[in-house]
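# Analysis of the macromolecular model
This is what each chain is made of:
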Amino acid sequence: MSDHPGPNPQNGSRPAIKSPRAALEPESAPPPPPASRHARNQWVVIGNLIITVLLVGLVGGMAAFLYARQAFVAAGPLQQDRAVFIERGSTAEAIAQTLERNGVINSALLFSAAVQLYGVRGDLKWGEYLFPRAASTAEALAIVLDGKPIEYRVTIPEGLTSEQIVGRLRDNDVLTGDIARIPREGSLLPDTYRFTRGTTRQQMIDQMTQFQTRLLQQIWARRSQDLPLRTPEELVILASIVEKETGKAEERPRVAGVFVNRLNRRMRLQSDPTIIYGIVGGRGALGRPILQSEIQRLTPYNTYQIDGLPPTPIANPGRAAMEAVANPVRHRDLFFVADGTGGHVFAETLEQHNRNVANWRRIERERAEQGGTPAATADTPATPAGTPPRATR
């Protein structure tokens, strides 16, 4: 009996008979289903592309941000502390270039980007700053933002003339510019002044003048009301003489009292520093002992030859000397002379004073014999007979 099915009696068809070769060939795959309208939409393709680009950009941006952040806080190239001056009016980009050029930071671009990111473009300050060794870009930016530049100091000692003070300022190589004219004698306040690079010499003069004017007003308001001084300017004149007569702070009120007593008695002040100023003016120092002939020389400042006060101060007195004149010690002394220890000995009468002078001359002789230098500046011999008594030395 045959295993092959016979003809279908219902439809009368016969099964298709294939050749051996055709039987071995695979049947063809069915055709793919037609693409949907959504898949064929070009905006979907573009959207996918955009998402891909955004993802790649986000990843890349995050990587760049992390790198920049690391570079921003990383140690900088400075091998040692360095001072860098940022000029007034510099833009953020100019500041960045200055820092890179001076080896403070590695990248001016990174510094500028940080300024933009933090929104501090208008907060950067000019001046000279000290950047520490290995300072990061972040630290450099913080220094410029804090605006605490390097401070310098100039000390003006009490008793210098205005010409001498101007000379000191001109010798200072941090200050800039020149001074148009020598200020009035006594118009500058001796003190220690702080300033930053870029400050002009004229600005320093203006500051000293302002401080002196303000201080003088305060001292004049606190003065003793019975002083033989009519104006604040006269107080400065007498204070300048006191300043030049003694360097001991505790002596100033007593020395001031001597001169006040002499003014009240209409005695000449007879102060040696006024002789010197009448000879050398603003140069300040004579550089040698005063000659007897110079005591007799008439100048507007020689208080051995003129009555009352000289026409202007002979130096710029400090606060202590002005305070001493405004409120001098009350006593009856009319004379004083060096005592050999850097101070002075005082006397009420000419007889006492002459004894003190004789003692001082003895000290001078002994030091000269020993090859030493007298403690006080030598000037003239003791008061000879028949001449007016001297207030000092």
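Residues numbered from 1 in each chain as written. Predicted model: local features only at pLDDT ≥ 70, side-chain atom pairs only at ≥ 80, totals over all residues. Heavy atoms only, no water.

### Notes on a nonpolar patch on the surface
Where we set the bar: Patch criteria: residues need more than 30% relative accessible area and no salt bridge. Like-charged residues are merged within 9 Å; nonpolar side chains of Val, Leu, Ile, Met, Phe, Trp and Tyr are merged within 5 Å. Accessibility throughout is a Shrake-Rupley quantity obtained with a 1.4 Å probe, and a residue counts as covered only by protein chains that appear here. Within this document, salt bridges are pairs made up of a side-chain nitrogen of Lys or Arg and a carboxyl oxygen of Asp or Glu, the two lying within 4 Å of each other. Secondary structure follows DSSP: runs of H or I at least 4 residues long count as helices, runs of E at least 2 residues long count as strands, and numbering of each begins at the N terminus. Note on classification: 1.4 Å probe, protein chains only; a residue is buried when its accessible area is under 20% of the maximum for its type, exposed when over 50%, partly exposed between these limits.
Where nonpolar side chains cluster on the molecular surface, the patch consists of Trp43, Ile46, Ile50 and Leu54 and spans about 440 Å² of accessible area. For Trp43, the location among the structural elements is in helix α2 (residues 42-73). Trp43 gets classed as exposed once you look at its relative accessible area, which sits at 61%.

### Some remarks on the environment of Arg297
Selection criterion: Contact definition: two residues touch when any of their heavy atoms are within 4.5 Å.
With respect to the secondary-structure elements, Arg297 resides in the loop between α11 (292-296) and α12 (319-326). Residue Arg297 is classed as partly exposed on the basis of its relative accessible area of 40%. Along the chain, Arg297 and Ile279 lie 18 residues apart, while their C-alpha atoms are 9.3 Å from each other. Beyond its immediate stretch of four places on either side in the chain, Arg297 contacts Ile279, Asn302 and Gln305.

### Things to note about the environment of Gln210
For Gln210, the position within the fold is in helix α7 (residues 201-221). Residue classification places Gln210 among the partly exposed positions, given a relative accessible area of 47%. Considering only alpha carbons, one finds Gln210 and Leu189, 21 residues apart in sequence, at a separation of 8.5 Å.

### Some points on the pairing of strand β4 (residues 192-195)
This is how the line gets drawn: The criterion for strand pairing is that DSSP finds at least two bridges linking the strands in question.
Across the two faces of β4 the burial differs, with Tyr193 and Phe195 buried and Thr192 and Arg194 not buried at all. Two elements, strand β3 (residues 152-155) and β4, share 4 bridges in a ladder whose sense is antiparallel. Residue pairing in the sheet places Thr155 in a bridge with Thr192 of β4.

### Some thoughts on the pattern of salt bridges
Per the stated rule, a full pass over the model turns up 14 salt bridges. In this structure, Asp178 and Arg170 form a salt bridge, with 3.1 Å as the shortest nitrogen-oxygen distance. The exposed category is assigned to Asp178, whose relative accessible area is 52%. Arg170 gets classed as partly exposed once you look at its relative accessible area, which sits at 41%.

### Description of the packing of α7 against helix α8 (residues 232-245)
The relative placement of two packed helices comes down to the angle between their axes together with the axis-to-axis distance. Here is the rule we go by: All axes are obtained by fitting lines to C-alpha atoms, using only the stretch in contact for helices, and the reported angles, taken between N-to-C directions, cover 0 to 180 degrees. In what follows, roughly perpendicular refers to angles from 65 to 115 degrees, roughly parallel to angles under 35, roughly antiparallel to angles over 145, and oblique to any angle outside these ranges. Three classes are used: nonpolar for Ala, Val, Leu, Ile, Met, Phe, Trp, Tyr, Cys and Pro, charged for Asp, Glu, Lys and Arg, and polar for all others, with Gly counted as polar.
It is at 10 Å that the axes of α7 and α8 come closest, and there the two elements cross at 100°. Comparing the axis directions of α7 and α8 gives the class roughly perpendicular. Here Gln212, Leu216, Ile219 and Trp220 of α7 come into contact with α8, specifically with Pro232, Leu235 and Val236. Along the lines of polarity and charge, the residues of the contact of α7 with α8 split into 6 nonpolar, 1 polar and no charged.

### Quick word on the side chain of Arg361
Applied cut-off: Between N or O atoms, a polar contact is any pair within 3.5 Å; within protein, one atom must be a potential hydrogen donor and the other a potential acceptor, and residues adjacent in sequence are included only when both atoms are from side chains.
Its location among the elements puts Arg361 in helix α13 (residues 350-369). Given the relative accessible area of 14%, Arg361 is considered buried. Polar contacts involving the side chain of Arg361 include one to the side chain of Glu364, which spans 2.6 Å.

### Here we look at the packing of aromatic side chains
Where two aromatic rings form a pair, the distance of their centres and the angle of their planes describe that pair. For the record, the criterion: A pair of aromatic rings is counted whenever rings of Phe, Tyr or Trp (Trp by its six-membered ring) have centres within 6.5 Å, and the orientation is called stacked for planes under 30 degrees apart, edge-to-face for over 60 and tilted otherwise. Whether a charge sits over a ring depends on NZ of Lys or CZ of Arg being within 6 Å of the ring centre and within 35 degrees of the ring normal.
Under the definition given, this model contains 7 aromatic pairs. Aromatic pair Phe85 and Trp126: ring centres 6.2 Å apart, planes at 90°, arrangement edge-to-face. Here the residue Phe85 occupies a position in strand β1 (residues 82-86), and Trp126 occupies one in the loop between α4 (108-118) and β2 (127-131), the gap between them amounting to 41 residues. Taking the relative accessible area as the measure of exposure, Phe85 reaches 30% and is therefore partly exposed. Judged by relative accessible area, Trp126 falls into the partly exposed class, the value being 31%. A cation over a ring is seen here: Arg223 above Trp220, with NZ or CZ 3.7 Å from the ring centre.

Coordinates in, geometry out; function isn't part of it.
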